[in-house]
Amino acid sequence: MRVGILGSGLMGGKLGTLFARAGHEVVFSYARRRKKLEELAREAGGRARAGTPAEASAQAHALLLAVHWSRFDDVLKQAGDLAGKVVVTCSLPMNDDNSALVVGLASSGAEELAKRIPKARVVCAFNTVPSEVLFGVYEARGKGARPSLVYCGDDSGDKRVASELIRDIGFDPVDAGPLRVARYTEPFALLVGQLAYEGKEGPELAYRFERFRK
Ligand SMILES: NC(=O)c1ccc[n+]([C@@H]2O[C@H](COP(=O)([O-])OP(=O)(O)OC[C@H]3O[C@@H](n4cnc5c(N)ncnc54)[C@H](OP(=O)(O)O)[C@@H]3O)[C@@H](O)[C@H]2O)c1
């Protein structure tokens, strides 16, 4: 797939690198320095390159949105027309000091995003793992049980795109349902963050769901 990265920081930089290593054609965009995007592309290898948000979105089958909530308007404006694009958001609707969700209970960041870009096809994924775990999970793929990764969205075709990307980087995709389920996955992401960053073991934390039957 051609995957445009909108926001090439901790999440976008790492996920884009892994998508490129898994064989996807990646365009890194949206950082404060063009040089950083070029370095990321060089280190990712494969068919990765640096570009503007408009270039990242132009030919993309899927876009990863990985910016702070306060940067949404800016990055979406720069990305241009997103009609028909699958936009996979890992962004959480956090306040300025990242201490609390600013949307919740009756809505979610993913649903608010979908309202802002009504012609795009929004899927919510990747926000329930700390960026620190991503390389470890990728390297461990094929060796034992995969960790889970929940995702949600309203269209089965769009969700297939997200689930392929999730699987390609070593996780077991868990379809949590329609986009409104992001009301539950976004607070869950805060719980994972709490355990990862405040726990004794360090941030390299992934989770796995198991179903027990009688
Ligand atoms: N980090 C995690 O483990 C994690 C986990 C779950 C969900 N999330 C969510 O994922 C989203 C991204 O988080 P992150 O940790 O990847 O954040 P981050 O490292 O700060 O990345 C944000 C990206 O946006 C770019 N940016 C910010 N302001 C800009 C501006 N004025 N002009 C151009 N580029 C600008 C940054 O540029 P620079 O590279 O130059 O700084 C960076 O590339 C957030 O919504 C967060 O809640 C993160």
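Heads up: the structure comes first, above all this text.
Since the structure is predicted, the reported quantities are computational estimates derived from the model, not experimental observations. (Residues numbered from 1 in each chain as written. Predicted model: local features only at pLDDT ≥ 70, side-chain atom pairs only at ≥ 80, totals over all residues. Heavy atoms only, no water.)

1. Some thoughts on the overall build of the protein chain
How we decide: The secondary structure listing takes helices from DSSP runs of H or I that are at least 4 residues long and strands from runs of E that are at least 2 residues long, numbered from the N terminus. In this treatment the radius of gyration is a C-alpha quantity, and the globule benchmark scales as 2.2 Å times the residue count to the 0.38 power. Burial here depends on accessible area, computed with a 1.4 Å probe over protein chains only, as a share of the maximum for the residue type. Under 20% is buried, over 50% is exposed, and the range in between is partly exposed. By definition in these notes, contact holds between two residues if any of their heavy atoms fall within 4.5 Å.
Scanning the protein chain for helices and strands turns up eight helices and eight strands. Against the 2.2 N^0.38 benchmark of 17 Å for 214 residues, the protein chain shows a C-alpha radius of gyration of 16 Å, consistent with a compact globule. With respect to the principal axes defined by its C-alpha atoms, the protein chain has extents near 50 × 40 × 35 Å. Buried residues in the protein chain amount to 50% of all 214 residues. Excluding contacts between residues fewer than 6 apart, the proportion of contacts in the protein chain whose partners are at least 24 apart in sequence is 68%.

2. Quick look at the pattern of salt bridges
The line we're drawing: Criterion for a salt bridge: a side-chain nitrogen of Lys or Arg within 4 Å of a carboxyl oxygen of Asp or Glu.
Enumeration over the complete set of coordinates arrives at ten salt bridges. Note that Glu38 and Arg34 form a salt bridge whose closest N and O atoms lie 3.0 Å from each other. With Glu38 and Arg34 both in helix H2 (residues 34–44), this residue pair falls four residues apart, about one helical turn. Here Glu39 makes a salt bridge to Lys35, at a shortest N to O gap of 3.3 Å. On the criterion of helical spacing, the pair formed by Glu39 and Lys35 is a turn pair, its members being four residues apart in helix H2. With relative accessibility at 27%, the residue Glu39 sits in the partly exposed group.

3. With respect to the sheet that holds strand S7 (residues 148–153)
This is how it is decided: Any two strands with at least two DSSP bridges between them are considered paired. Axis definition: a line fit to C-alpha positions, over the contact stretch in the case of helices; interaxial angles, taken between N-to-C directions, run 0 to 180 degrees.
Taking strand neighbours across the sheet as the criterion, the eight strands line up as S3-S2-S1-S4-S5-S6-S7-S8 in an open arrangement whose pairing is mixed. Both edges of this open sheet fall to strand S3 (49–50) and strand S8 (172–175), since each of them pairs with a single strand only. Strand direction decides the pairing type here: strand S5 (residues 86–89) and strand S6 (residues 121–124), joined by four bridges, are parallel. Bridged to Val86 within S6 is Arg121. On top of the sheet, helix H1 (residues 10–21) reaches strand S1 (2–6), strand S2 (25–29) and strand S4 (62–65); it is set at about 160° to S2, its chief contact.

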